Amino acid sequence: MTHLLEPDLQGMIQAKAYREVRDALMVIEPADIADLIENLSLESAVVAFRVLPRELAAGSFAELNPQAQESLLEELGTERSAILIESMDPDDRAAVLDEMPVEISTKLISRFSPENRKVTQAILGYAPDSVGRLMTPDYVRIRKDWTIGYALEHIRRYGRNAETVDWVFVIDEENQLIDDIHIRELLLADPDTTVQDLMDDEFIALFAMDHREEAVRVMGRYDRTALPVVDSLGLLVGIVTADDVADVAEEEFTEDVQKLGGMEALDAPYTTTSVLSMYRKRGVWLAGLFLIQVFTISIMAFFDDALDKAVVLAVFVPMIIASGGNTGTQAASLLVRAIAVEEVRLNAWWRIMRKEILTGLCLGLTLAILGIGVVWGLSFTALLNTPHIWPLAFTVSGAVFIIVIWGSLIGSMFPLILERLGMDPATSSSPLVATLMDVSGLSIYFLVAMVLLRGTIL
């Protein structure tokens, strides 16, 4: 729908039909408005934002990519920018300000109302990757001694400004969280009973200092649409909602995928990342992996005499390298994901090792049999010219068997080691594991060849 409206929107702005622009945009979701704005010229985008109602403009602005946000704020000026940002939800407001230079964000915050300034500074006081940065202070609180009828009246009065009313939170006189109740239970309860009659004194909460990945894990585990956030004293300081957690899950997944691809995670969407930034993010890893291949060259040089005597060994080097790299990459990818969703823990390393060794045995045996078949099949072609086909076949299959088991072990243990050292397991990227397997795989291959082919080919 948005791509059909785009030419009309541009034309209406040029014709200064501002009422029509406003009416056309008001029936569109904020995310779709953001898509339209990003495709307009900067001057037209500024006009579109100025004619939107403040709440809709704030919601749409939150959906823009950081580069578009920055450009719009520069055009709108400090005063209008402050009004726009202040109209946003507190968590979105903090996210936008966090991307700005300190001197600019400080100037904008100074123009907020005292209440919004206090809320914004409180959120920005938490670590960038913490739950505190995700939370919003807009939620509904009730007391345990209230009647259900009074609680519902309170929700109707103050729920309009809340991020969600799916869940309401019970606090005591000191603002400590003591329970959470789903709105359904309140709606179906007898109005004359008290909130305490619905309480079970059990609730799930996040700590403000928790890493934001914890919010993703807990919300997914307990299938919640909102979770309360408490400080170290148990005081209720905000809530985290499903839409915020979904954004975090997408960002974390994207980051892990990029790291598994052998590069540093991007700080912005691909389409808005500059070539220079892309060069820095990818170049360092490529250079490192390139230099690690020096060890592969060293292995080849070390066994140069064996290769001179049996050039036929070089024919199977690509197969050897691929079998080890592919096996290690598979295991690493499985473990990185399992660690991310907390399917496995470090204290289960022995169970993981045992499973990967057994899996490696099965996979290695399968590929070893295929290896014998490949060597035997190639013996009928001009690619292999040696009378010692079967010793060569058992050398290739034996090396592949060992390498696959070794690849499964390295690929599974490496992420666990990184996790134990406090590093991101996704750093054990596919290219890194594959490169390590190149070095070790070639060593295994030539050692097996020297043992099994002595007195025949060697």
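Above: the structure in question.
Bear in mind that the values here come from a model prediction, so they are computed numbers and not experimental data.

Q: Pulling in residues and values, what's your account of the pattern of salt bridges?
A: For the coordinates displayed, the defined rule picks out 4 salt bridges. Asp 98 is the partner of Arg 133 in a salt bridge, and the nearest nitrogen-oxygen pair spans 2.9 Å. Of this pair, Arg 133 sits in helix 10 (residues 131–134) while Asp 98 sits in helix 7 (residues 90–98), placing them 35 residues apart in sequence. Taking relative accessible area as the criterion, Arg 133 reaches 13% and is therefore assigned buried. Here Asp 98 falls in the partly exposed class, since its relative accessible area comes to 36%. In this structure, Arg 224 engages Asp 180 in a salt bridge whose closest nitrogen and oxygen atoms are separated by 2.9 Å. In this pair, Arg 224 sits in the loop between helix 13 (212–222) and strand 5 (226–230) while Asp 180 sits in strand 3 (residues 177–182), placing the two residues 44 residues apart along the sequence. Each of the two residues, Arg 224 as well as Asp 180, counts as buried.

Q: Provide a residue-level description of the sheet that holds strand 1 (residues 141–143), including the pertinent values.
A: If you trace the 3 strands from one edge of the open sheet to the other, you get 1-2-3, paired in mixed fashion. Looking at the sheet topology across the chains shown, the edges are occupied by strand 1 and strand 3. When the angles between neighbouring strand axes are averaged without regard to direction, this sheet yields 35 degrees. Direction of pairing for strand 2 (residues 167–171) relative to strand 3: antiparallel, over a ladder of 5 bridges. Across the sheet, Val 168 pairs through a bridge with Ile 181, a residue of strand 3.

How each quantity is defined
Residues numbered from 1 in each chain as written. Predicted model: local features only at pLDDT ≥ 70, side-chain atom pairs only at ≥ 80, totals over all residues. Heavy atoms only, no water. Salt bridge = Lys/Arg side-chain N within 4 Å of Asp/Glu carboxyl O. Helix = DSSP H or I, 4+ residues; strand = E, 2+ residues; numbered from the N terminus. Buried < 20%, exposed > 50% of the residue type's maximum accessible area, 1.4 Å probe, protein only. Pairing = 2+ DSSP bridges. Axes fitted to C-alpha atoms, helices over the stretch in contact; angles between N-to-C directions.

Such coordinate-based values are descriptive only and should not be taken to indicate function.
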